[in-house]
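For reference, the chains in residue letters:
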Amino acid sequence: MTLRVLAAMSGGVDSAVAAARAVEAGYDVTGVHLALSSNPQSYRTGARGCCTIEDSRDARRAADVIGIPFYIWDMAEEFDRDVVQDFVAEYAAGRTPNPCLRCNEKIKFQAVLERALALGFDAVCTGHHVRLENGRLRRSVDAAKDQSYVLAVLTREQLAHAIFPLGDCTKEEVRAEAARRGLTVADKPDSHDICFIADGDTSGFLERRLGSNPGPIVDETGQVVGEHLGAHAFTVGQRRGLNLSGAPHRRYVLSIEPVSNTVRVGPREALKVDRIVGERPVWSGCEPPEEWTPFLVQLRAHGEVYSCRARQYEGRVEILLDEPALGVAKGQAAVLYDGDVVMGSSTIAETSRVEQAAANHAE
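Residues numbered from 1 in each chain as written. Predicted model: local features only at pLDDT ≥ 70, side-chain atom pairs only at ≥ 80, totals over all residues. Heavy atoms only, no water.

Colleague: Just give me the short version of the pattern of salt bridges, but keep the residues and values in it.
Modeller: By the definition in use, this model includes 27 salt bridges. Residue Glu-78 is joined to Arg-115 by a salt bridge in which the shortest nitrogen-to-oxygen separation is 4.0 Å. Placement of Glu-78 in helix 3 (residues 76-92) and of Arg-115 in helix 4 (residues 99-118) is noted, with a sequence separation of 37 residues between them. The partner of Asp-340 in a salt bridge is Arg-138, with the nearest N and O atoms 2.9 Å apart. (Salt bridge = Lys/Arg side-chain N within 4 Å of Asp/Glu carboxyl O. Helix = DSSP H or I, 4+ residues; strand = E, 2+ residues; numbered from the N terminus.)

Colleague: So what's going on with unusual backbone geometry? Residues and values would help.
Modeller: Residues other than glycine seldom take positive phi values, yet Asn-261 does so here, at roughly 55 degrees. With respect to the helices and strands, Asn-261 occurs in the loop between strand 10 (252-257) and strand 11 (262-266). Within the chain, Arg-280 stands out as a residue other than glycine whose phi angle is a positive 50 degrees. With respect to the element layout, Arg-280 can be found in strand 12 (residues 273-283). Exposure remark for Arg-280: the relative accessible area of 49% places this residue in the partly exposed category. (Buried < 20%, exposed > 50% of the residue type's maximum accessible area, 1.4 Å probe, protein only.)

Colleague: Outline the pairing of strand 17 (residues 341-352), listing residues and values.
Modeller: Counting buried positions along strand 17 yields nine of twelve residues, so the element is predominantly enclosed. In this structure, strand 12 lies alongside strand 17, joined through seven bridges in antiparallel fashion. Following the sheet pairing, Trp-283 is matched in strand 17 by Gly-344. Strand direction decides the pairing type here: strand 16 (residues 333-338) and strand 17, joined by six bridges, are antiparallel. By the bridge assignment for strand 17, Tyr-337 is matched with Val-342. Here strand 16 hands over to strand 17 after two residues, with Gly-339 in that stretch at a positive phi of 70 degrees. (Pairing = 2+ DSSP bridges.)

Colleague: Before we move on, can you summarise the packing of aromatic side chains with the specific residues and values?
Modeller: Per the stated rule, a full pass over the model turns up seven aromatic pairs. Pairing Phe-79 with Phe-196 gives two aromatic rings, centres 5.9 Å apart and planes at 75 degrees, and the pair type is edge-to-face. You can see Phe-79 sitting in helix 3 and its partner Phe-196 sitting in the loop between helix 7 (171-180) and helix 8 (202-210), a full 117 residues away along the chain. The class of Phe-79 is buried, set by a relative accessible area of 4%. According to the relative accessible area criterion, Phe-196 is buried, its value standing at 19%. With centroids separated by 5.9 Å and ring planes inclined at 55 degrees, the aromatic side chains of Phe-109 and Phe-164 adopt a geometry described as tilted. With Phe-109 in helix 4 and Phe-164 in the loop between strand 7 (162-163) and helix 7, the pair connects residues that are 55 residues apart, well separated along the chain. For the residue pair Phe-109 and Phe-164, the accessibility class agrees, reading buried in each case. Site record: aromatic cluster; members linked through ring pairs are Phe-79, Phe-87, Tyr-91, Phe-196 and Phe-205. (Phe/Tyr/Trp six-rings, centres within 6.5 Å; stacked < 30°, edge-to-face > 60°.)

None of the figures reported here should be taken as evidence of function without further support.
Below, the structure written as structure tokens:
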């Protein structure tokens, strides 16, 4: 029996080549473009933004070249509720969300997959750069394009209905293949930054949604050293844009307190943490470890990888880093790996410095 596959086609080169490879593999493939904006722009601004009219047309042209049926699904309402509004609410709560991760979780592999299965499809195919082997996610062979971090939130059931054809090749190879296949998107720039903020001005976007809300900037001792126009404009580890003239040394954002509307700043050393607590865990590569187990952990998209020990305790994930990490922001994902295989993921809820606390206690 031929597998029926729904290929999500964004209008970019990766999803087009992924759909073509799915056809070549013998699947019965149908292309679908997700209309995620209720008021799409006619054209993107350079490589910024996505989900434009131009993108839907590029996806349709690619489907025509590949020779598969093509549809457009309006998911603007779901995207606004589950991604855009969630993004704004997280910043308002003093956290730093990853909207790409949320989109994969709530839209592409929840809403789309559920609809696809209801229509009789067996799997959803996307152009993500990641490998799926024996039901487990593995990093792409192209480390610079690896997207396992933003897909680590997917459950085993979702992965069982997913196909990722591009994990075994580099982006350069994908573009060369697109050109050979006659796909006009072969040289199309990748979209970057946050897709629903086409001008790249995240602070301005949040201010339009949340308004201006002045509050104090304080140092480690609690002394007021400046004022901000809205705590949502800051993220942990930020150095630029603090407007703290006359400071004797560089200061970084250490924490954001939404209740008191206070931004706390301090020296780079104070950013170091070695204990992380994550909530809403998803274990796709192993059973939840009840005992301390060695892993590698990645704390932001394309960020550094740290050696650690982790366990699940009372429904949360506790992670102890072998070496402290800098600027770990609440709201980001902590993704645990065994080598290049994803074991689990959770949303960072707490951070602390166990090593420093122990030293202070000893004194």
